[in-house]
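Residue-level structure breakdown
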Amino acid sequence: MIPMRCYSCGKPLSNLWEEYKEKIKTESPKQAMDELGLDRYCCRATMLSTIEEQDIINLSELQ
Ligand SMILES: [Zn+2]
């Protein structure tokens, strides 16, 4: 489910994922990604699209 690397540039993201999830409980995704050093648009897009996929899964589990 969680991409191991950015789809576009290949930057490893899985090691940032848990920290990112913790941060977005109290921060905006933009701020969290800034702090994690995700300055490339492609990496940020990969993280955001992963969040959306997780949200879809969570919603389907509630029904
Ligand atoms: Zn990237």
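The structure presented is a predicted model; accordingly, all values stated were derived computationally and were not measured.

1. Structural notes on the pattern of salt bridges
Considering all chains together, one arrives at five salt bridges under this definition. Here Glu18 and Lys21 are joined by a salt bridge, their closest N and O atoms 3.7 Å apart. Linking Glu18 with Lys21, this pair stays in helix H1 (residues 14–23), spanning three residues, or about one helical turn. Its salt-bridge partner being Lys23, residue Glu35 comes within 2.7 Å of it at the nearest N-O pair.

2. What about the coordination of the zinc ion?
Surrounding the zinc ion are the protein donor atoms Cys6 (SG), Cys9 (SG), Cys42 (SG) and Cys43 (SG), at 2.3 to 2.4 Å. Between consecutive donors of the zinc ion, the numbers of intervening residues give the motif C-x2-C-x32-C-C. Residue Cys9 is classed as partly exposed on the basis of its relative accessible area of 32%.

3. Some details on H1
Along an α-helix, a turn takes 3.6 residues, which lines up residues three or four apart on a common side. Within H1 the residues assigned to the buried category are Leu16, Trp17, Tyr20 and Lys23. For H1, the angular spread of buried residues about the axis comes to 130 degrees, placing them on one side.

4. Side note on the environment of Thr46
Relative to the elements of secondary structure, Thr46 occurs in helix H3 (residues 41–62). When the C-alpha positions of Thr46 and Arg5 are compared, they lie 8.6 Å apart, and in sequence the two are 41 residues distant.

5. Details of the side chain of Glu27
Mapped onto the elements of the fold, Glu27 is located in the loop between H1 and helix H2 (29–35). This buried residue, Glu27, is left without a salt bridge; Lys23 holds the nearest opposite charge, at 4.4 Å.

6. Quick notes on the packing of aromatic side chains
Evaluated as defined, the whole model comprises one aromatic pair. Summarising the aromatic geometry, the rings of Trp17 and Tyr20 are spaced 5.8 Å apart at their centres and angled 35 degrees between planes, so their arrangement reads as tilted. You can see Trp17 and its partner Tyr20 sitting in helix H1, three residues apart, about one turn around the helix. Since its relative accessible area comes to 2%, Trp17 is described here as buried.

Analysis parameters
All residue numbers refer to positions counted from 1 along the written sequence of the respective chain. The model is predicted, so local features are restricted to residues of pLDDT at least 70 and side-chain atom pairs to those at 80 or more, both for listing and for counting; the totals for chains, interfaces and linings are taken over all residues. For the side-chain quantities, the full set of heavy atoms in the structure was used; hydrogens and water were omitted. For this analysis, a salt bridge means a side-chain nitrogen from Lys or Arg found within 4 Å of a carboxyl oxygen belonging to Asp or Glu. Comment: elements are numbered from the N terminus, with helices defined as DSSP H or I runs of at least four residues and strands as E runs of at least two. A donor here means an N, O or S atom no more than 2.8 Å from the metal, or no more than 3.2 Å when the metal is Na, K or Ca. Since water is not included, a site may seem to lack partners. Burial classes follow relative accessibility: with a 1.4 Å probe on protein chains only, a residue under 20% of its type's maximum area counts as buried, one over 50% as exposed, and anything between as partly exposed. The directions from the helix axis to the C-beta atoms form the arc being described. Only four residue types enter the tally: Lys and Arg on the positive side, Asp and Glu on the negative side; His and the chain ends are excluded. Two rings from Phe, Tyr or Trp (for Trp, the six-membered ring) form a pair when their centres are within 6.5 Å of each other. A pair whose planes differ by under 30 degrees is stacked, one over 60 is edge-to-face, and the rest are tilted.

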